[in-house]
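Notes for the structure review
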Amino acid sequence: MSTDILRRAPRSSALAALLSLALTLAAAGPAPAAAASLTGAGATFPYPLYSKWFDEYAKANPGTNINYQSIGSGGGIRQITERTVDFGASDPPMTEEQIGKAPGVLHIPTVIGAVVVVYNLAGVPAGLKLDGETVAAIFLGQITSWNDPKVAALNPGVSLPAQAITVVHRSDGSGTTNIFTDYLSHVSTAWAKAVGKSTSVNWPVGLGAKGNEGVAGQVRTLPGTIGYVELAYAMTNKMTYASVRNRAGEFVEPSVAATTTAAAGAVSKMPADLRVSIVNPPGKHAYPICGFTYLLVYREQGNRTKGEVLAKFLWWAIHDGQRMAEPLYYAPLPPPVVSLVEAKVKSLESGGSVLLK
Amino acid sequence: MTSPHLQAPRPARPGKRAARPPKGPAGPAEAHAGEPGGTAVVQAGPGAADPQSHPRRSLGDTLFKVAAGGFAAVVLLIAVGMAWVMTQAARPSIRAFGLGFLVSSAWDPVRNAYGALPYIFGTVTSSLLALAIAVPLALGIASFLSELARGPLARVLGFLVELLAAIPSVVYGLWGVFLMAPWLRNGPQAWLSRHLGFLPFFRGTPFGVGMMGAALILAVMILPTISAVCLEVFRAVPRAQREAALALGATRWESTRMAVFSYARSGIVGAVILGLGRALGETMAVTMLIGNRPQISASLFAPAHTMASVLANEFAEASGDLYLSALIEIGLVLFGITILLNILARWLVWRTVGRFGSTPAA
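From a predicted model like this one, the values you see are computed outputs, not experimental measurements.

Let us now look at the overall build of chain A. If you tally the helices and strands in chain A, you get 14 helices and 13 strands. Taking all 357 residues of chain A together, 50% fall into the buried category.

Structure, rendered in structure tokens:
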């Protein structure tokens, strides 16, 4: 009995102390610090650019702090749906079903990413020419040898070895895969029927490797391989990549400029909510395998202070922020798209009045 | 879990055990097979002689019992809680696919069709292959270090083995992708393909990455774990055991086999279970080396996939509800298979120890 009391007494006093401490903290630390602090989560693909943006924006606007967790597009959509973050980020736009669960969510395109077809073929150092149908047939397992007549027809004068093609694809779900399979679904009905498009699909053939670095590693070490990585990864690691024939019939090398051109070509068919696939667009110099990456925000912001910070940041991102894209191999938004996005950012409001004046 | 047979080898101290205060037998029954069960006895000794200290000690015992029991309960709570949460989250998938989930080979996020069979196959096959490679090697390493090596050599090697167990798996994975896989492709796999290509196990194009690569990297990774535990177990075998065997005219090998291996059998199985656990749950290195293709192929060259690696690969970007719950159900299946294999392994020990009776300690 006595021991019981002895044991209980210190515990309850400690509890009381803890409680009072918690109360003090809660009372002492209200708005000022939290006001300028935003949290976001989502896509890994634009993360290098986003982290630079948040860094630069915080420098230009002291007191503002943006935290971003690159947990993947799926996670970003989940978190913005549950409103655990101030903004989400996703490579593929949300589906109708997902939007139904997050009514009032807006899609803000930030930059354009391109996907590059890379390969490892002895005797063909660079500049292999491919078209959409051929790439689809290779990834479907219908073309199995490098000297297949279809590949040879696109590459007159290049001596292609009679070597088996090994397909390497991403094993993890990714925005890169989403853009790539979106493209293949557009250019090949066989692909659209058999596989379809998603961040992760049921691949008919090939080896799976995790991340751009995994695919690049396999393509580098295995002779006869073909794979796909994002533009930034292919360029910074100087990989051997193919030129792809666009809708206008031109073979285009992947580049930031050709990617922005592609987005400009897609403006005419941009829907009001900006959720759009821009693969295989018209335009002589457009690189066909590309797609927007989005920030996801609610039009109606619950917290006015936070909402203002968010709106200002978004405005900055689609203007000043665009200049930081190219050095990191992300394609900036073409001017016609910027003006569409401006309207979206201006529509953000809190308590019935707009946030951006 | 602990069978009477496992208890038997330990020197029994019936008198002192009886002198222990409340619920005496409960203590030793909790103890692990390999551990010396001396602690309880030391506590009980002076207590029986000095009635004055009785209340204090019983308070201490109660505290100890409650605290230790609490910690044990936490483990149980975590396991049950995990199973509960996963079952809840996996419900849409369980409802949609039923038991068919376990035998279906479909995995198509576009069409929302999911089945776990290729992943189950990949996990179980790669882990068992890894054990088949690693266990004999680990037994050899541990016997060498405990029975044959002497002095600084034994100490340095023993330290190195333990050090290997602490290397993060991504390092093994990188080493596997950049060194082992190309070597495997150009060396052993090319040879096997040329000379034994008629066997179903060595059909197809060798890529380096694939089932064989994954099993090998797993074997390398679990080798230090199994060797280190076996080594400790072998060292715990009383000297008298070996000396008795040697005195009967046994060779070094015979004394190791009869005196050490059979005495340490349950400890060896414990080591194997630890290794198996690591192999079943290993994610990073396997993902880097298995080729990540959900298929069931007899060929060791062919790429495969495991439950842990599909989770690591697809969880972050999975956005559909059914897709997500199918992935969680994979986690649940992995949980179940781990438990099943553990029970199976323990049952095997029980049986073998039972068959051999208490010979080792007799």
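Moving on from the coordinates now.
When helices and strands are tallied, chain B shows 18 helices and 2 strands. Within the span of chain B, comprising 362 residues, buried residues form 37% of the whole. If you take every contact in chain B between residues at least 6 apart in sequence, the share linking residues at least 24 apart comes to 75%.

Turning our attention to the interface of chain B and chain A. At the interface, 23 residues of chain B touch 29 residues of chain A. Listing elements by their share of the side of chain B that touches chain A, those giving two or more residues are β1 (107–108), α10 (169–186), α16 (284–290) and α17 (307–314) of chain B. Sorting elements by how many residues they give to the side of chain B that touches chain A places α10 of chain B first, with 3 residues. For the side of chain B that touches chain A, a count of residues per class yields 13 nonpolar, 6 polar and 4 charged.

On to the environment of Asn186 of chain B. Residues and elements named next belong to chain B. With respect to the secondary-structure elements, Asn186 resides in helix α10. The class of Asn186 is exposed, set by 12 C-beta atoms lying within 10 Å. Sequence-wise, Asn186 and Ser297 are 111 residues apart; in three dimensions their C-alpha atoms are separated by 21 Å.

To continue, consider the pairing of strand β4 (residues 105–120) of chain A. All names here are of chain A. Of all 16 residues making up β4, 15 are buried, and the element is well covered by its neighbours. The sheet contact formed by β4 and strand β11 (residues 290–298) spans 9 bridges and is antiparallel. Bridge pairing in β11 places Ile108 opposite Leu295. Where β4 and strand β8 (residues 225–230) come together, 6 bridges link them in antiparallel fashion. Of the residues in β8, the one forming a bridge with Val116 is Val229.

Residues and elements named next belong to chain A. Within the open sheet, the 8 strands sit side by side as β2-β1-β3-β11-β4-β8-β6-β7. Their pairing is mixed. Among the strands making up the open sheet, the edge pair consists of β2 (65–69) and β7 (207–209). If you compare each strand with its neighbour and ignore which way they point, the axes differ by 25° on average. Where helix α3 (residues 47–60) meets the sheet, it contacts β2 and β4, and its direction lies at approximately 165° from that of β2.

Quick look at the sheet that holds strand β10 (residues 251–252) of chain A now. All names here are of chain A. On the basis of which strands lie adjacent, the open sheet formed by 3 strands has the order β5-β9-β10 and mixed pairing. The open sheet has two edge strands with one neighbour each: β5 (129–130) and β10. Strand direction decides the pairing type here: β5 and strand β9 (residues 243–245), joined by 2 bridges, are parallel. In the sheet register, Lys129 faces β9, and the bridge partner there is Ser243.

Among the 8 residues of α17 of chain B, 6 are classified as buried, and the element is accordingly described as predominantly covered. Buried within α17 of chain B are the following residues: Met307, Ala308, Ser309, Val310, Asn313 and Glu314 of chain B.

We now examine unusual backbone geometry. Positive phi, normally seen in glycine, also occurs at Arg83 of chain A, with a value near 55°. A residue is classified by how many C-beta atoms lie within 10 Å of it, and Arg83 of chain A, with 11 of them, is exposed. Even without glycine at this site, Asn292 of chain B takes up a positive phi of about 50°. Along the polypeptide, Asn292 of chain B turns up in the loop between α16 and α17. Assessed through the 30 C-beta atoms surrounding it within 10 Å, Asn292 of chain B is described here as buried.

The subject of this paragraph is the packing of helix α13 (residues 304–318) of chain A against helix α14 (residues 335–346) of chain A. For any two helices packed against each other, the geometry comes down to the angle between their axes and how far apart the axes lie. Residue and element names in this part refer to chain A. The contact between α13 and α14 brings their axes to 10 Å, and the two run at 175°. Taken as axis vectors, α13 and α14 run roughly antiparallel relative to one another. Every residue of α14 that contacts α13 at Ala311, Leu314, Trp315 and Ile318 is listed here: Val338, Val341, Glu342 and Val345. Of the residues belonging to the contact of α13 with α14, the class tally is 7 nonpolar, no polar and 1 charged.

This next bit is on the packing of helix α6 (residues 132–140) of chain A against helix α8 (residues 175–187) of chain A. Residues and elements named next belong to chain A. Closest axis-to-axis distance for the α6/α8 pair is 9 Å, and the angle between their directions is 115°. With respect to α8, the axis of α6 lies roughly perpendicular. The two elements α6 and α8 meet at a crossing, and its hand is left-handed. Contacts between α6 and α8 pair Gly132, Glu133, Val135, Ala136 and Phe139 from the former with Tyr183, Leu184 and Val187 from the latter. In the contact of α6 with α8, the residues fall into 6 nonpolar, 1 polar and 1 charged.

Conventions and cut-offs
- Residues numbered from 1 in each chain as written.
- Chains lettered and ligands numbered in written order.
- Predicted model: local features only at pLDDT ≥ 70, side-chain atom pairs only at ≥ 80, totals over all residues.
- Helix = DSSP H or I, 4+ residues; strand = E, 2+ residues; numbered from the N terminus.
- Buried ≥ 20, exposed ≤ 12 C-beta atoms within 10 Å, placed from the backbone.
- Contact = placed C-beta atoms within 7 Å.
- Nonpolar A, V, L, I, M, F, W, Y, C, P; charged D, E, K, R; others polar.
- Pairing = 2+ DSSP bridges.
- Axes fitted to C-alpha atoms, helices over the stretch in contact; angles between N-to-C directions.
- Parallel < 35°, antiparallel > 145°, perpendicular 65-115°, else oblique.
- Left-handed = near helix turned anticlockwise from the far one by under 90°.

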